[in-house]
Amino acid sequence: MWKYITKEQTKDFLLSLNLIDDKLSDKEKINILYSISNNIENNYRIFKIKKRNGKLRTIYEPNPTLKNIQRRILNNILNNKSISKYAKAYKKGICLKDNAVEHLNKETILKLDIKDFFENIKFSDIYDSCFSIEYFPKEIGMLLTHLCTYNNHLTQGSPTSAYISNLVMKEFDEYIGDYCEDNNISYTRYSDDLTFSGNFNPSNVIKIVRKALLKLNLEINDDKTCIINKGNRQTVTGITVNEKAQICSTYRKNIRKEIYYIKKFGIDSHLKFTNNNITPLKYLRYLSGKINYVIQINNNDKEFLKYKIYINELLREKRVD
């Protein structure tokens with residue numbers, strides 16, 4: 001399709017993607033795109049944050065210019081591509097609850113984790129899934145792939161990475177999803193978390209998933225493999241799914257404690273007693289967010305609907321003050 005495209009036509013095609021601010025000249029836009037692409041490692045700030053398990057996660061934060069380019073790639077190109085129905089993360093209109101409700105009241109739940117997910121999604125997979133010669137001149141497809149990667153892999157911190165991961169995993173999702181539908185198993189993938197539920201033999205599923213991931217040079221993190229039978233508390237992405245979708249009891253209990261102490265001692269005394277330096281207004285907004293999250297998962301939770309009304313009243317008072 002692109003065999004006879006000229007150099008000038010290639011430039012026009014690249015400019016038509018609208019990846020750079022319109023205030024610049026066409027020549028400046030082209031120069032910036034290629035300059036960043038050729039020096040991609042110099043356009044990131046790299047730092048580490050602590051995960052819940054105490055280990056460190058590496059974050060790659062693109063500089064403002066590159067981040068803006070990546071946002072435009074996401075909005076102008078990637079969002080036009082469809083992902084699998086089994087992918088439940090990084091998709092407009094989809095939330096954690098949508099991932100969890102697929103696994104309500106099931107006999108067995110199998111949870112698998114993909115090891116070092118983003119870091120192991122490589123340049124060639126990204127090019128083939130998102131920017132291949134089927135849709136772009138090769139030079140432009142390669143440029144776009146460079147603009148969305150660091151050291152030839154996806155990064156945690158770039159606006160494009162999440163949606164790209166769904167596109168790379170689309171064929172895998174469809175293959176595993178078809179197998180599961182044929183065997184009456186529910187399957188969803190939330191980023192690197194794979195969940196299966198129903199009445200099935202987990203070892204058979206693990207074997208098929210392991211083989212399918214191998215084609216993408218990905219592997220299961222065996223340390224995180226979890227099988228939960230119905231007699232135990234079954235959770236999917238932090239949501240209990242034994243009978244109805246509900247936030248885990250510990251999370252709810254901690255909110256109850258906060259509400260109790262606020263009512264008993266007042267918010268200012270409570271924050272002073274707990275040596276919390278946050279302002280009362282910020283603290284109430286934080287608590288409101290946690291309460292709204294519980295209600296989002298179970299919008300008929302009468303207890304937390306009352307908490308919402310109470311905290312909203314306190315917020316209004318603090319704003320007046």
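Note that the structure is predicted; figures quoted are calculated from it, not measured.

Teacher, can you tell me more about the sheet that holds strand β8 (residues 239–240) here?
To summarise the sheet geometry, strands pair through backbone hydrogen bonds and adopt either a parallel or an antiparallel arrangement. The strand order across the open sheet formed by three strands is β7-β8-β9, and the pairing between neighbours is antiparallel. Since the sheet does not close on itself, it has two edges, and those belong to β7 (235–236) and β9 (246–247), each with one partner.

Explain the layout of surface pockets to me, please; I cannot follow it from the model alone.
It is the rolling of a water-molecule-sized probe over the atoms that shows where space remains empty. Approximately 1,400 Å³ is the volume found for the largest pocket. For the largest pocket, the lining is made up of 37 residues, of which R57, D113, D192, D193 and K224 are closest to its centre. Among the elements of the structure, β1 (44–50), β2 (56–62), β3 (108–113), β5 (193–198) and β7 are those that each provide at least two residues to the lining of the largest pocket. Within the lining of the largest pocket, the residues separate by chemical class into 13 nonpolar, nine polar and 15 charged. Approximately 300 Å³ is the volume attributed to the second largest pocket. Contributing to the lining of the second largest pocket are D125, D128, S129, L167, V168, E171, F172, Y175, A212, K215 and L216. Mapped by element, the contributors of at least two residues to the lining of the second largest pocket are α5 (123–130), α7 (161–168) and α8 (170–182). For the lining of the second largest pocket, the class distribution of residues is six nonpolar, one polar and four charged.

Is there a simple way to think about the packing of aromatic side chains in this case?
Pairs of aromatic rings are described using the distance from one ring centre to the other and the angle between the two planes. Counted according to the given criterion, the structure contains eleven aromatic pairs. With centroids separated by 6.1 Å and ring planes inclined at 90°, the aromatic side chains of F13 and F136 adopt a geometry described as edge-to-face. Remark: F136 occurs in the loop between α5 and α6 (138–147) and F13 occurs in helix α1 (residues 7–16); sequence separation between them is 123 residues. Look at Y44 and Y150: their rings are 5.3 Å apart centre to centre, the planes differ by 80°, and that puts the pair in the edge-to-face class. One end of the pair, Y44, is in strand β1; the other, Y150, is in the loop between α6 and α7, and 106 residues separate them in sequence. Across the pair, exposure class does not vary: Y44 and Y150 are buried alike.

Looking at this model, I keep getting lost on the packing of α8 against helix α9 (residues 202–214). Mind explaining?
When two helices pack together, their arrangement is given by the angle between the helix axes and by the axis-to-axis distance. The geometry of α8 relative to α9 is characterised by a closest axis approach of 11 Å and an angle of 160° between their N-to-C directions. For the element pair α8 / α9, the angle class is roughly antiparallel. Seen along the crossing, α8 lies across α9 with a hand that is right-handed. When α8 is examined against α9, the residues F172, Y175, I176 and Y179 are found in contact with a partner set consisting of N204, V205, I208, V209, A212 and L213. Classifying every residue of the contact of α8 with α9 by side-chain character gives nine nonpolar, one polar and no charged.

Please explain the sheet that holds strand β6 (residues 226–229) as it appears in this structure.
Read across the sheet, four strands follow the order β4-β5-β3-β6 without closing on themselves; strand pairing throughout is antiparallel. Edge positions in the sheet fall to β4 (186–190) and β6, since each of these pairs with one other strand and no more. Going across the sheet, the axis of each strand differs from the next one's by a mean of 15°, ignoring polarity. Where β3 meets β5, six bridges bridge the pair, whose relative direction is antiparallel. Paired with L110 across the two strands is F196, which belongs to β5. Lying over the sheet, α8 contacts β4 and β5, oriented at roughly 160° with respect to β4.

Looking at this structure, I do not really get a positive patch on the surface. What am I missing?
A grouping of R52, K55, R57, K115 and K224 is seen on the molecular surface, where their side chains present a positively charged patch. Relative to the helices and strands, R57 resides in strand β2.

How do you make sense of unusual backbone geometry when you look at a structure like this?
Comment: phi is negative for the bulk of residues other than glycine, and the bulk of peptide bonds are trans. Despite not being glycine, N105 has its phi angle at roughly 55°, a positive value. A relative accessible area of 41% places N105 in the partly exposed class. Of note in the backbone geometry, D116 takes a positive phi value of approximately 45° without being a glycine. By the element assignment, D116 lies in the loop between β3 and α5.

Thresholds applied
- Residues numbered from 1 in each chain as written.
- Predicted model: local features only at pLDDT ≥ 70, side-chain atom pairs only at ≥ 80, totals over all residues.
- Heavy atoms only, no water.
- Pairing = 2+ DSSP bridges.
- Helix = DSSP H or I, 4+ residues; strand = E, 2+ residues; numbered from the N terminus.
- 1 Å grid on protein atoms, 1.4 Å probe; cavity = no way out; pocket = protein on both sides within 12 Å on 5 of 7 lines; lining within 4 Å.
- Points joined across faces, edges and corners; volume = space filled by probe spheres on them.
- Nonpolar A, V, L, I, M, F, W, Y, C, P; charged D, E, K, R; others polar.
- Phe/Tyr/Trp six-rings, centres within 6.5 Å; stacked < 30°, edge-to-face > 60°.
- Buried < 20%, exposed > 50% of the residue type's maximum accessible area, 1.4 Å probe, protein only.
- Axes fitted to C-alpha atoms, helices over the stretch in contact; angles between N-to-C directions.
- Parallel < 35°, antiparallel > 145°, perpendicular 65-115°, else oblique.
- Left-handed = near helix turned anticlockwise from the far one by under 90°.
- Contact = heavy atoms within 4.5 Å.
- Patch = residues over 30% accessible without salt bridge, like charges linked within 9 Å, V, L, I, M, F, W, Y side chains within 5 Å.
- Areas by Shrake-Rupley, 256 points an atom, 1.4 Å probe, with all protein chains shown as cover.
- Salt bridge = Lys/Arg side-chain N within 4 Å of Asp/Glu carboxyl O.
- Lys, Arg positive; Asp, Glu negative; His and termini not counted.
- Charge placed at Lys NZ, Arg CZ, Asp CG, Glu CD.

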